[in-house]
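Structural overview for review
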Amino acid sequence: MKSIKGNGKKQDELDSLLELDRQGLPYMPSSQLDSGSIVGHRTENPVVYLEFASMGGRTLRNGTVTAPAIIGRLYFELRRDLVPVASANFLDLCSGIAGFGNDGINYHFKGTKIHRIVKNELFEGGDLLGMDGLCSRSVYDGRLFRDENFLLRHAGPGCLSMANRGPDTNGSLFLVTFSRAQKLDEKCVVFGCLANQDSFEVLMRINEFGSTTGEPLEEVRVSDCGIAY
């Protein structure tokens, strides 16, 4: 794990929070879902949204400086029928219902940064402390949880998947694909997909803030989020 820049009390607090990621076995809440009950019924799956905004301040080739702007909303169907634990975790992080935990972290995606945008491949977000992908916390008492299953694949644009640092390290970090990402199959748990055509258009707008290195051309944040239906 990369070290975090800082010193004194602030550094001690950050190190203490990150220590949760190193302790004990990954958590697996009961999903009450066994192989015999996996049938793929989708009629009751929830739909959530994430609204994205660019923070501005980028100087373009013509010398103009970009202003803050709303990029748009992505609507996701969460595959609760097949991946209930990951779906419930993401649903609660979108709604913010969990509020602040005992660790002092606000378990809510609103205001968080999209720390990585790899052009034409994927973007990543969900770091609740704004530490560029180092802080991942689930709503299950902040604990990382196990890989639930790999039933769904990164088959094309708009797949919603758990971003991790290896097997069984799922928390708040997530990724969304801009294209097929077969190399992530069996490594990252897919648990959702874009729910409408407008979302695909917004997805392509987010792609324009990406680079080959993954460093965003401009800061992009989740300006709003919640449950659509």
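Residues numbered from 1 in each chain as written. Predicted model: local features only at pLDDT ≥ 70, side-chain atom pairs only at ≥ 80, totals over all residues. Heavy atoms only, no water.

What to know about the overall build of the protein chain
Selection rule: Per the convention used, a helix needs a DSSP run of H or I reaching at least four residues, while a strand needs a run of E reaching at least two, with both numbered from the N terminus. The buried label goes to any residue with under 20% of its type's maximum accessible area, the exposed label to any with over 50%, and the partly exposed label to all in between, with areas taken from a 1.4 Å probe on protein chains only. In what follows, residue pairs with any heavy atoms lying within 4.5 Å of each other are defined as contacts. Each accessible area is a Shrake-Rupley result for a 1.4 Å probe, and residues are judged covered by the shown protein chains and nothing else.
Helix and strand counts for the protein chain stand at three helices and eight strands. Starting at the N terminus, the α and β elements of the protein chain follow one another as α-β-β-α-β-β-β-β-β-α-β. By residue count, 50% of the 229 residues in the protein chain fall in the buried class. For the protein chain, contacts bridging at least 24 residues in sequence account for 72% of all contacts bridging at least 6. Total accessible area computed for the protein chain in this model is approximately 11500 Å², and 49% of it derives from carbon and sulfur atoms.

With respect to the confidence of the model for the protein chain
Quick note on the threshold: On a scale of 0 to 100, pLDDT captures the predictor's confidence in every residue.
Summing up the model confidence of the protein chain, the mean pLDDT is 88 and the portion of residues at 70 or higher is 83%. In the predicted structure, residues 1–7 sits below a pLDDT of 50 and forms 13 contacts with residues beyond four places in sequence or in another chain.

Comments concerning unusual backbone geometry
For asparagine 120, which is not glycine, the phi dihedral falls at a positive 70°. Examined against the element boundaries, asparagine 120 turns out to sit in the loop between β3 (116–118) and β4 (122–125). Looking at asparagine 120, the relative accessible area reads 47%, which means it is partly exposed. Notably, aspartate 141 is not glycine yet its phi reads approximately 60°, a positive angle. Relative to the helices and strands, aspartate 141 resides in the loop between β4 and β5 (159–162).

Some points on the sheet that holds β3
The condition that has to hold: Pairing between strands requires that DSSP locate at least two bridges from one strand to the other. The axes are straight lines fitted to the C-alpha atoms, using for helices just the contacting stretch, and the angles between their N-to-C directions are given from 0 to 180°.
If you trace the eight strands from one edge of the open sheet to the other, you get β3-β4-β6-β5-β7-β2-β1-β8, paired in antiparallel fashion. Looking at which strands have only one partner, the edges of the open sheet turn out to be β3 and β8 (220–227). Averaged over all neighbouring strand pairs, the angle between strand axes comes to 25°, with direction disregarded. Relative to strand β6 (residues 174–177), β4 is paired through four bridges, and the arrangement is antiparallel.

Focus on the nonpolar core
A general tendency of soluble globular proteins is for nonpolar side chains to be buried together. What counts, and what does not: Nonpolar cores were defined as sets of buried Ala, Val, Leu, Ile, Met, Phe, Trp, Tyr and Cys residues, with membership established by side-chain atoms within 4.5 Å.
Among the nonpolar cores identified, the biggest contains 46 residues, and Leu50, Phe52, Phe90 and Phe123 are the most heavily contacted of them. Sorting the residues of this core by element identifies β1 (47–54), β2 (69–78), α2 (84–95), β5, β6, β7 (190–194), α3 (197–207) and β8 as the ones contributing at least two each. Among the elements that take part in this core, α2 stands out by supplying six residues, more than any other. Phenylalanine 123 has contacts with Phe52, Leu74, Ile114, Arg116, Ile117, Phe174, Leu175, Val176, Phe178, Leu203 and Ile206, leaving out every residue within four places of it along the chain. Ranked by size, the runner-up nonpolar core spans eight residues in total, among them Leu122, Leu175, Leu184 and Cys188.

A word on the packing of aromatic side chains
Just so we agree on the cut-off: Only the six-membered ring of Trp is used, alongside the rings of Phe and Tyr, when aromatic pairs are assigned; centres must lie within 6.5 Å, and planes under 30 degrees apart are stacked while those over 60 apart are edge-to-face, with the rest tilted. Consider the ring centre and the ring normal. A charge sits over the ring if Lys NZ or Arg CZ is within 6 Å of that centre and within 35 degrees of that normal.
Inspection of every chain in the model, using the stated rule, returns ten aromatic pairs. With centroids separated by 5.2 Å and ring planes inclined at 65°, the aromatic side chains of phenylalanine 109 and phenylalanine 174 adopt a geometry described as edge-to-face. Linking phenylalanine 109 in the loop between α2 and β3 with phenylalanine 174 in strand β6, this pair joins segments that are 65 residues apart in sequence. A single burial state applies to phenylalanine 109 and to phenylalanine 174, both of which are buried. Taken together, the ring pairs in this structure connect Phe52, Phe76, Phe90, Phe109, Phe123, Phe174, Phe178 and Phe191 into an aromatic cluster. Taking the ring centre of tyrosine 49 as reference, the NZ or CZ of arginine 73 above it sits at 4.1 Å.

Description of the pairing of β2
Note that β1 and β2 share eight bridges and pair antiparallel. The partner of serine 54 across the bridge, within β2, is alanine 69. The pairing of β2 with β7 spans three bridges and is classified as antiparallel. Counted as the bridge partner of leucine 78 is glycine 192 from β7.

Concerning the pattern of salt bridges
Applied cut-off: Salt-bridge detection follows one rule: a side-chain nitrogen of Lys or Arg within 4 Å of a carboxyl oxygen of Asp or Glu.
A complete count under the given rule lists 13 salt bridges for this structure. A salt bridge links lysine 113 to aspartate 132, with the nearest nitrogen and oxygen atoms 3.1 Å apart. Of this pair, lysine 113 sits in the loop between α2 and β3 while aspartate 132 sits in the loop between β4 and β5; the two residues are 19 residues apart in sequence, bridging distant segments of the chain. Taking the shortest distance from any N to any O, the salt bridge between glutamate 124 and arginine 116 comes out at 2.6 Å. Residue classification places glutamate 124 among the buried positions, given a relative accessible area of 15%. Classification of arginine 116 as partly exposed rests on a relative accessible area of 34%. It is possible to trace a salt-bridge network through shared partners that takes in Arg42, Glu77, Arg79 and Asp81.

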